[in-house]
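Next come the chains, spelled out residue by residue.
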Amino acid sequence: MGYAIFRSAVRGIRKIAVLGAGTMGAQIAAHVANAGVPCVLLDRVSEQRGEPAANCAAQRNFLAQAGLEMALKARPPAFFQPRCAGLITIGNFEDDLGELKKCDWVIEAVAEDEHIKRALLDRVEPFLGQETIISSNTSGIALAALAKGRSETFRHRWLGTHFFNPPRYMKLLEVIPTSDTEPDVMRRVSSFADEVLGKGVVIAKDRPNFIANRIGTFFTLVVLDLMQELGFSVEEIDTLSGPAMGLPKSATFRTLDLVGLDVFAHVAENLATALPEDECHHLFCLPGFAQRMMKANLLGEKTKGGFYRRAGEGKILTLDFSSLKYRPRQRPKLPAVELAMGVEDARERLRSLLKSSDKTGSFYRKLLGRTCHYAASRIPEVADDLSSVDRAMRWGFNWQYGPFELWDGVGHDTVAALWKEEKRTLPPLVAKLHAAGKNSFYFGDARRLLVFDFHSGGTATVPEQTGVLTLARAKAEAGEVKKNAGASLVDLGDGVLCLEFHSKLNTIGPDAVQMIHAGLKLLTDQFDAMVVGNQGTNFSAGANLMLLLLAMQDGEWDEVDEAVRAFQDANMALKYAPRPVVAAPFGLTLGGGAETALQCARRVADAETYMGLVETGVGLIPAGGGAKEMLVRVTEAADGPAHDDPWNLLEHVFTNIGMAKVSGSAAEARQMGYLSPQDTICMNRDRQIAAAKRLALDLVSLGCRPGRPRDDILAQGRAAYSKMQLNLHLMRRAEYLSDYDVTVGRQLARVLSGGGEFTSPQRVSEQHVLDLEREAFLSLCGERKTVERIQHMLKTGKPLRN
């Protein structure tokens, strides 16, 4: 399947079983299949109307099949592609436990109940192979308790592996060894999870709710407490506890609606039961209004209503938590937050918000003071090192900074003042920090990051993943070779250069084009290969629309023409570079970003790559060589040994570009033709740049050299143009398209048919197609509706169908 898998990681793990086909179990199995690893998914034998199921396999496997089908229907999708489900074999606990002997890792994921889990493990143990690893996906039950009384062999191969929901998208995997777990078992699972499943692995101690849920649950309960204490509304709390302080947009209540209030209540109840000695035990229960919501079945998305409820036509209602009645959602008025959002760094924003004299400032002071105190008090209870706690909160709850990173950012004196205000004593961690004469948890830089060590009172190197290459470290060690406002050139070592985009949304404008040419000159003179990649949020959201809009509004058509030519030339220069160029797309790889990636020699795509030529959404067509590259792919497939029907191939391209379709994964991008069979898919984004560098060097060793610009692109001419026109007509009649969509579609059809004037298929050059792209692009730039679409996109981030 073209995945970048490090062979050391898969040593001994070739097949996995998941026990329990509920939401988590089925989606864990789905993600195992996403990684190309065969999986067995088992559940109870189905019983209907209280009677045992009939003997036919379909009925006996009903629950496992239902779980698999639920995963196939999940939104967001659990599978990279539906066909990945073909790697999953279903069965049941009565007929198919013998399959476990063929599995190298068995993951228990049944209901979060100690008695149910122990009963299943009793049945499973006799069927395990001699080397089979067995783990539990428990979110908080003691692993030692589950293993009590079992054989020594079982206990040596037993550990916790806590996946976060949904497993495909949530990076964190907490690995929880017991005192009996063999170190090699923990290493094998951790390496496999990291390198094959793409997880961020954190080693946690066998304490209730481990690291992320322990601190995350405390944090949420404090927020609920402060909401009542300070008199905030639901909307105000979500504004305060979201991006303003470096937390995700779902904030508090949208997150609870997604998770389910009942699930959150269970986690809190587990803490209350398991931790009677905890200094914050009084918080481990839902406040009165939340308990009333439970009784009213207002649990969130699963019951069509929680803190928010959809009311149709895009309207969203908000719960008044006092009356439990819904009202129209209101826009919060929090001047301090609105002012602070102009500050880019979340830690600096929080510093300014802490100084606010109104109840907003009071909220942040109380929340930060209590969260920092609780996190510090958990060392060494839940983990020995601070960096594990920070990573757990970043990877498991999507915090921009973990609690100790945030603490360093706002300043230790600030936190000390908050504690003094609330008369809090120093946790042992902070007392040791002060005794060592230190006023920060982290030290050093990207070359060597150090962290305060609780046990020694000194510092230790922050653990790094072997084989990971960060651009920050590369810059710290070698510096940036060249830089402008939109892009940089970074020396990755071993003769490999990296072209890094770093404009807003990594959009491509004149600065990026200039740096492409600068990089190619260095590639000719000093380097052996180049990687085009970055480690931001997305590879590239496309061309810089703001610059284009300004030029259009000023009627600077020569300037627009020159910019398009420059971008085309830069991409052609990448394609025919004297030495290998490898793109590393990830996240949003749209429009011009996709065009740049398409014209590199190879691509190492992150598994979560959302790639597409989406220019029609703003009333334009691809003009940086994107349409041309898709015609190259049509030509290669039509001329290949299978002799695929060229019209079918072209129609697929026309639909994808015309409807601005975006892949839901790298695997789907391959199916859409944006990735080739020779391209690689990397499951762990942290490893992507290193994998791209390795591939670039492999291409060097293979003697990869550029060819010559092609003059054999298949232009299917007037017949194909007419068919595309018919498709547009039919889609307009079905109201899938607007009149202006048809106008844009005709321009696209002309490009993809090679101009539309050929009465029979002809062979044309790349430059011929580039000229057609540019002509169509400039023609559409002069249309008022294109201006409206670009303005709407810049304002809302969404396409306009006018």
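Our subject is the structure listed above.
This write-up is about the structure you can find in this document. The shown structure was predicted, so the numbers you read here are calculated from the model rather than taken from an experiment.

What about the overall build of the protein?
- Helix and strand counts for the protein stand at 32 helices and 27 strands.
- The C-alpha atoms of the protein give a radius of gyration of 28 Å, which matches the 28 Å a tight globule of 802 residues would have.
- With respect to the three principal axes, the spread of C-alpha positions in the protein is 80 × 70 × 60 Å.
- Going through the 802 residues of the protein one by one, you find that 55% of them count as buried.
- In the protein, once contacts between residues fewer than 6 apart in sequence are set aside, the share between residues at least 24 apart is 71%.
- When the accessible surface of the protein is totalled, it reaches about 33,700 Å², and 52% of it is carbon and sulfur.
- In the protein, 95 positive and 96 negative side-chain charges are present, and the distance between their average locations comes to 2 Å.

Considerations on the side chain of H31
- By secondary structure assignment, the location of H31 is in helix 1 (residues 23-34).
- The class for H31 is buried, based on a relative accessible area of 3%.
- Reaching out from H31, the side chain makes a polar contact with the backbone oxygen of L197 at a distance of 2.9 Å.
- Discounting chain neighbours no more than four positions away, the residues touching H31 are F80, P167, R168, L197, K199 and M683.

Some details on the sheet that holds strand 13 (residues 325-328)
- As summarised here, the arrangement of the three strands in space is 11-12-13, forming an open sheet in which the pairing is antiparallel. Both outer strands of the open sheet, strand 11 (308-310) and strand 13, are each paired with one neighbouring strand and no more. When strand polarity is set aside, the average angle formed by the axes of neighbouring strands in this sheet is 40°.
- Both strand 11 and strand 12 (residues 316-320) contribute to a ladder of three bridges, which runs antiparallel. Looking at the pairing, Y308 lines up with T318 of strand 12.

Digging into the layout of surface pockets
- The calculated volume of the second largest pocket comes to roughly 870 Å³.
- Along its surface, the second largest pocket is lined by 39 residues, and R603, V632, R633, E636 and S676 are the ones closest to its centre.
- Looking at the lining of the second largest pocket, the elements with two or more residues in it are helix 23 (557-575), strand 23 (602-606), helix 25 (626-639), helix 26 (646-658) and helix 27 (666-671).
- Among the residues making up the lining of the second largest pocket, the classes are represented as 20 nonpolar, seven polar and twelve charged.

Overview of the packing of aromatic side chains
- Across all of its chains, the model carries 15 aromatic pairs by this definition.
- Between F289 and F307, the ring centres sit 6.4 Å apart and the planes meet at 75°, which makes this aromatic pair edge-to-face. Of the two residues, F289 is situated in helix 12 (residues 288-295) and F307 in the loop between helix 12 and strand 11; the sequence distance between them amounts to 18 residues.
- Pairing W407 with W419 gives two aromatic rings, centres 5.3 Å apart and planes at 75°, and the pair type is edge-to-face. One end of the pair, W407, is in helix 17 (residues 403-410); the other, W419, is in helix 18 (residues 412-421), with twelve residues separating them in the sequence.
- R150 extends its terminal NZ or CZ atom over the ring of F154, reaching a point 5.5 Å from the ring centre.

Cut-offs used in this document
Residue positions are counted from 1 within each chain, in the order its sequence is given. Under the rules for a predicted model, residues below a pLDDT of 70 receive no local features and side-chain atom pairs below 80 are neither given nor counted, while totals for whole chains, interfaces and linings still include all residues. For the side-chain quantities, the full set of heavy atoms in the structure was used; hydrogens and water were omitted. Helical segments are the DSSP runs of H or I of at least four residues, strand segments are the runs of E of at least two, and each set is numbered from the N terminus. Between the two quantities, the radius of gyration covers C-alpha atoms and the globule rule is 2.2 Å times the number of residues to the power 0.38. Partly exposed residues are those whose accessible area sits between 20% and 50% of the maximum for their type, while under 20% is buried and over 50% is exposed, using a 1.4 Å probe and protein chains only. Whether two residues touch is decided by their heavy atoms; if any such pair falls within 4.5 Å, the residues are in contact. Only the protein chains shown count as cover for residues, and all accessible areas are computed by the Shrake-Rupley method using a 1.4 Å probe. All tallies of charge rest on Lys and Arg as positive and Asp and Glu as negative; His and the ends of each chain are not included. Positions of charges follow a simple convention, taking NZ of Lys, CZ of Arg, CG of Asp or CD of Glu. Pairs of N or O atoms within 3.5 Å make up the polar contacts considered here, provided that, within protein, one atom can donate a hydrogen while the other can accept it, and that residues adjacent in sequence are counted only when both atoms are side-chain atoms. DSSP-based pairing: two strands are paired if at least 2 bridges between them are found. A fitted line through C-alpha atoms represents every axis, and for helices the fit uses only the stretch in contact; the resulting angles, taken between N-to-C directions, go from 0 to 180 degrees. Only protein atoms enter the 1 Å grid used here. Points where a 1.4 Å probe fits but cannot escape make up a cavity, open sets with protein on both sides within 12 Å along at least five of seven lines make up a pocket, and a residue lines them when an atom lies within 4 Å of a point. Grid points are joined across faces, edges and corners, and a volume is the space filled by probe spheres set on the points. Polar here means any residue outside two lists: the nonpolar Ala, Val, Leu, Ile, Met, Phe, Trp, Tyr, Cys and Pro, and the charged Asp, Glu, Lys and Arg; Gly therefore counts as polar. In this scheme Phe, Tyr and Trp rings, the latter by its six-membered ring, pair at centre separations within 6.5 Å, and the angle between planes marks the pair as stacked below 30 degrees, edge-to-face above 60, and tilted otherwise. As a reminder, the over-ring test applies to NZ of lysine and CZ of arginine, requiring each to be within 6 Å of the ring centre and within 35 degrees of the ring normal.

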